[in-house]
Amino acid sequence: MSYDHQKIEAKWQERWANQRVFNVTEDPSKPKFYNLCMYPYPSGALHQGHIRNYTFGDLLTRYKTMRGFNVLSPMGWDSFGLPAENAAIDSGLDPRENTEAQIVTMTRQIKQLGAMYDWDRELASHHPDYYRWDQWLFLQLWDRDLAYKKEAPVNWCPKDQTVLANEQVVDGACERCGTIVERKNLAQWFFRITDYADRLLDDLDQLDEWPDRVRTMQRNWIGRSEGARFTIKVAVSNLSFEVFTTRPDTIFGMTFCVLAPEHPLVDSLISGTDHEDEARAYVAQAARASEIERMAEGEKSGVFTGAYAVNPINGRQVPIYIADYVLMGYGTAAIMGVPGQDQRDWDFATRYGIEIIRTVQPLASWEGEAYLGEGETINSGFLDDLDQTGAKQRIIDWLEEQGIGERTVQYRLRDWLISRQRYWGSPIPMIGCPSCGLVPVPLDQLPVLLPDVEDYAPRGQSPLASAEEWVHTTCPACGGEARRETDTMDTFVDSSWYFLRFTDPHNDHAAFEPGNARYWMAVDQYIGGVEHAILHLLYARFITKFLSDIGLSPVTEPFSRLFTQGMITLGGAKMSKSKGNVVDPLELFASHGADSLRLYHLFMGPPTDDAAWDTNGVEGTSRFLDRVWRVVTETERFDGDPDRDLVAQAHRTAKKVTEDIERFVFNTAIPPLMTLTTSLLETARKGTDRETFDQVVEILIKLLAPMAPHIAHELWERTGHDSMLALEPWPVWEADLVTQATVVMVVQVNGKVRERIEVAADISPEEAERVALGLEKVQGWIDGAEIHRVIARPPNVINFVVG
RNA sequence: GUCGGAGUGGCGGAAUUGGUAGACGCGCCAGGUUGAGGGCCUGGUGGAGCAUGGCUCUGUGGGGGUUCGAGUCCCCCCUCCGACACCA
């Protein structure tokens, strides 16, 4: 018989909400715990990934509450973004109405899961009272020269006539229409995150409760390289350019130079020369080609400019090429070509017949490719015989003495491109004035409201541009006619500070009150998908550091502990609507109940790992809950004796479950609860006394409360308690009961298990040896041979080495 | 290519410090309950062999090594997944 989960789940969801069990205020008398699941995009329907995320989060909220913490667990909506806009374009749905309807639906579904949040703090980034503070944040950055506008190459879809974010470009093509993406120069807004590169990198060391792989990914993304930057003169001209290198020690091996096709010097180098036509054709082709095409070509391509560069170290003249393997966005967009010590330069030199000079003596014979290893410097004048470290030091000193170069640090990280030629986002609060230039919207005029438009389809510029009345405004500086910025902000701006807003969500005169933030920050546990390991987490760290610098954030790192969950797969692929392999949580709420589904998500495997879906597994956890139900509702006999073993088992279970939750591993916390339930059912048949039984049942219900809260609360009530289980203290265990008196010891002969024997847990090595040697089977295996060694590790194992 | 992560029964997985490999669940098999089915209960379930109420061998992607003892530690290789992807 199975219990009526629909009825009891609805009952308790209503009670928790009515009694405001999970609504919190700042309370200095209690330790605080800020527990946060990454706020979702309101897609309109929960999928299993959400269920998994909120099940983990809710388990922690409930567990920490029972442990006596003041737990803040808020929920909100990352409600700006492309899907709502695409729905508007494709189906004519109003983005605002559509988004808000989806929020209503998803809120209902989250409540059906029994996941509890402080809904008084709910926020949605598309609300003017939220995005007003995005705009405020933008202006704070602008005031400190950390927001700027400049021309930059962007991904451009020629069919959709729009700019695409990097993540919308899949294999070099537009994610929506499949057209090959072009690169195009457009004036864009940036945040100067590179100013924070060092701090973002260095502070990763503090985040020792983040997964290593996430820290590694961030480290690689920031990509710090130490090296030198120096000036190279162009022969027979007064032109020069700068190069960056991590291997200044190889400067004597420079046999050519390369400029990126977009390098500003290219034009003056080739104008009016014999090489002009060929070079211009190459530059044009590089501009047209997508990244994918550039790479797919396999071999490195380039073209000679006709000009020569002068190596400052020895005056030697080397040819200057243009090649697209040198990137405009990194370093100085120009390099010294040292084929002997760089594989890319080697490939290029080999193709174009350029001389190769080795400047490092390989440790072993080495041919056919560049040598990147250690070795003595050779063919390098005054650097000869030095090792790499010494040679680098020496040459940088020399460059600095000559006043042509310096030691420098280069990052792979680029500034954050935040403007989008899109409708459904926070308008950038700037005004373009013909006489004053770029002028910020005064703070007292925020928010700049998103205007209504007729047509959301991209036409090569932001849809906001079509709202003529809105665009036309007056310049705050001179009062003349001016035009508003029509780009909106990347939604990653919204999510880069929402966790601070949750500490003071209704503030209408500031983004948040520093006092509230001081109580709640940092987020003690942040839970979400690993797909946000780089961008969101990096941006959030950046903005938090910035807000700390201007005295508003109490912390320099927003998330103390990060947990990234694995994804759900079915048939070997990630569960997704487009692949058609989704299992709808709503159907499972109806058929098995939220508790069974939650328990299955906890049980199916390590929370960090990807997990393969199996609906039969929900059947299994559902059966388990039926058994728990029967323990309480069908036990009638209480005519036996107190059962100390059962109590001991309950205490061991409490210890194990607590330890597993603390280390964030849930799949191993459930088996002991299952076996405890089986023991209770056996005991119920056998008979015990009422006191023992009630005591053990109480522990079981409490341990189950964070995992399967509805059934746990119902059984708590049915076992005669008036209190709210969610606010009851977590079970404690007695150390004496947890330690077992006897254990099974393994007896090995020559490392092979030959016998098992039950012994006292505190047996001495001598006693263990005596007992083991007394065993008939062990004697049979020793078979009269000499015992060379006895390794006794009581009470687990004893091993006789014979032979 | 570089950097991460992972390979254990038919399946999901367990084994936290080197010490009983396969906990727990699913699936499957047998028996019980039932008019039948479902449900529930009990037992079994890595592989091979045999003198089959038990015993022996073998077994954690492959190959070597360290150790009394290796899923766990070291070296080499293979496969899969993820991130970055010409970063000078």
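Before reading on, note that the structure itself is shown above.
Residues numbered from 1 in each chain as written. Chains lettered and ligands numbered in written order. Predicted model: local features only at pLDDT ≥ 70, side-chain atom pairs only at ≥ 80, totals over all residues. Heavy atoms only, no water.

Explanation requested: the sheet that holds strand 28 (residues 611-612) in the structure shown.
Each strand in a sheet pairs with its neighbour through backbone hydrogen bonds, running either in the same direction (parallel) or in the opposite one (antiparallel). Read across the sheet, three strands follow the order 27-26-28 without closing on themselves; strand pairing throughout is mixed. Bordering the open sheet on either side are strand 27 (573-574) and strand 28, each of which pairs with just one other strand. (Pairing = 2+ DSSP bridges. Helix = DSSP H or I, 4+ residues; strand = E, 2+ residues; numbered from the N terminus.)

Mind showing me how you'd approach the protein's contact with RNA strand B here?
The environment of RNA strand B is formed by 56 residues, the closest being Thr246, Tyr330, Arg344, Met604 and Asn799. Near the protein, within 4 Å, the atoms of RNA strand B are sugar or phosphate in 66% of cases. One of the side-chain N or O atoms of Asp614 is found 3.4 Å from a sugar or linking oxygen in RNA strand B. Between RNA strand B and the protein, one listed contact pairs a phosphate oxygen with a side-chain N or O atom of Arg623 at 2.7 Å. Its residues assigned to classes, the surface near RNA strand B comprises 21 nonpolar, 13 polar and 22 charged. (Near = heavy atom within 4 Å. Polar contact = N/O pair within 3.5 Å; in protein donor to acceptor, adjacent residues only side chain to side chain. Nonpolar A, V, L, I, M, F, W, Y, C, P; charged D, E, K, R; others polar.)

Before we go on, may I ask you to explain the pattern of salt bridges in this structure?
For the coordinates displayed, the defined rule picks out 37 salt bridges. Between Arg62 and Asp58 there is a salt bridge whose closest N-O contact spans 2.7 Å. Taken together, the residues span about one helical turn, with Arg62 and Asp58 both in helix 2 (residues 48-66) at a distance of four residues. The exposure classification of Arg62 matches that of Asp58, with both residues buried. Three or more residues are tied together by salt bridges with common partners; here these are Lys11, Arg15, Glu714, Glu717 and Arg718. (Salt bridge = Lys/Arg side-chain N within 4 Å of Asp/Glu carboxyl O. Buried < 20%, exposed > 50% of the residue type's maximum accessible area, 1.4 Å probe, protein only.)

When you look at the packing of aromatic side chains in this model, what are you seeing that I'm missing?
Aromatic ring pairs are reported here in terms of the distance separating the ring centres and the angle at which the planes meet. Using the criterion set out here, one finds 43 aromatic pairs in the structure. Taken together, a centroid distance of 5.8 Å and an interplanar angle of 65° make the contact between Trp142 and Trp189 edge-to-face. You can see Trp142 sitting in helix 5 (residues 128-143) and its partner Trp189 sitting in strand 9 (residues 182-191), a full 47 residues away along the chain. Accessibility expressed as a relative area gives 22% for Trp142, which makes it partly exposed. The exposure class of Trp189 is buried, given its relative accessible area of 0%. Their ring planes at 45° and their centres at 5.5 Å tell us that Phe304 and Tyr321 sit as a pair that is tilted. In this pair, Phe304 sits in strand 13 (residues 302-310) while Tyr321 sits in strand 14 (residues 317-323), placing the two residues 17 residues apart along the sequence. The two residues Phe304 and Tyr321 agree in class, both being buried. (Phe/Tyr/Trp six-rings, centres within 6.5 Å; stacked < 30°, edge-to-face > 60°.)

How do you make sense of the layout of surface pockets when you look at a structure like this?
Any empty space left between the atoms is revealed when a probe the size of a water molecule rolls over them. Considering only enclosed or pocket space, the second largest pocket measures out at about 280 Å³ in volume. In terms of lining residues, the second largest pocket is bounded by 19 residues, among which Lys149, Arg484, Glu485, Thr486 and Asp487 are the most central. Listed by contribution, the elements that provide at least two residues to the lining of the second largest pocket are strand 9, strand 19 (430-433) and strand 22 (481-484). Here the lining of the second largest pocket is built from residues that sort into seven nonpolar, seven polar and five charged. (1 Å grid on protein atoms, 1.4 Å probe; cavity = no way out; pocket = protein on both sides within 12 Å on 5 of 7 lines; lining within 4 Å. Points joined across faces, edges and corners; volume = space filled by probe spheres on them.)

Explanation requested: helix 1 (residues 5-18) in the structure shown.
The first and last C-alpha atoms of helix 1 sit 20 Å apart over 14 residues, in line with the 20 Å expected at 1.5 Å per residue. By the burial criterion, the buried members of helix 1 are His5, Ile8, Glu9, Trp12, Gln13 and Trp16. What you see down the axis of helix 1 is that its buried residues fit within an arc of 135°, all on one side. Counted as exposed and oriented over 90 degrees from the buried face of helix 1: Lys7, Glu14 and Asn18. Residues of helix 1 that are buried make contact with helix 2, helix 4 (95-113), helix 18 (585-591), helix 19 (594-603) and helix 24 (709-718). (Expected span 1.5 Å × (residues − 1). Arc of directions from axis to C-beta. Contact = heavy atoms within 4.5 Å.)

Quick question: what am I supposed to make of the sheet that holds strand 20 (residues 437-440) here?
Sheet architecture is open: four strands sit in the order 20-19-22-21, paired in antiparallel fashion. Looking at which strands have only one partner, the edges of the open sheet turn out to be strand 20 and strand 21 (472-474). Averaged over all neighbouring strand pairs, the angle between strand axes comes to 45°, with direction disregarded. Bridge count between strand 19 and strand 22: two bridges; the pairing is antiparallel. Residue pairing for strand 22: Ile431 is matched across the bridge by Arg484. (Axes fitted to C-alpha atoms, helices over the stretch in contact; angles between N-to-C directions.)

What is the right way to look at helix 24 in this model?
Across the 10 residues of helix 24, eight count as buried, placing the element largely inside the fold. All buried positions along helix 24 are accounted for by Pro709, His710, Ile711, Ala712, His713, Glu714, Leu715 and Trp716. Residues of helix 24 that are buried sit in contact with helix 1, helix 2, helix 4, helix 19, helix 20 (615-633) and helix 23 (690-704).

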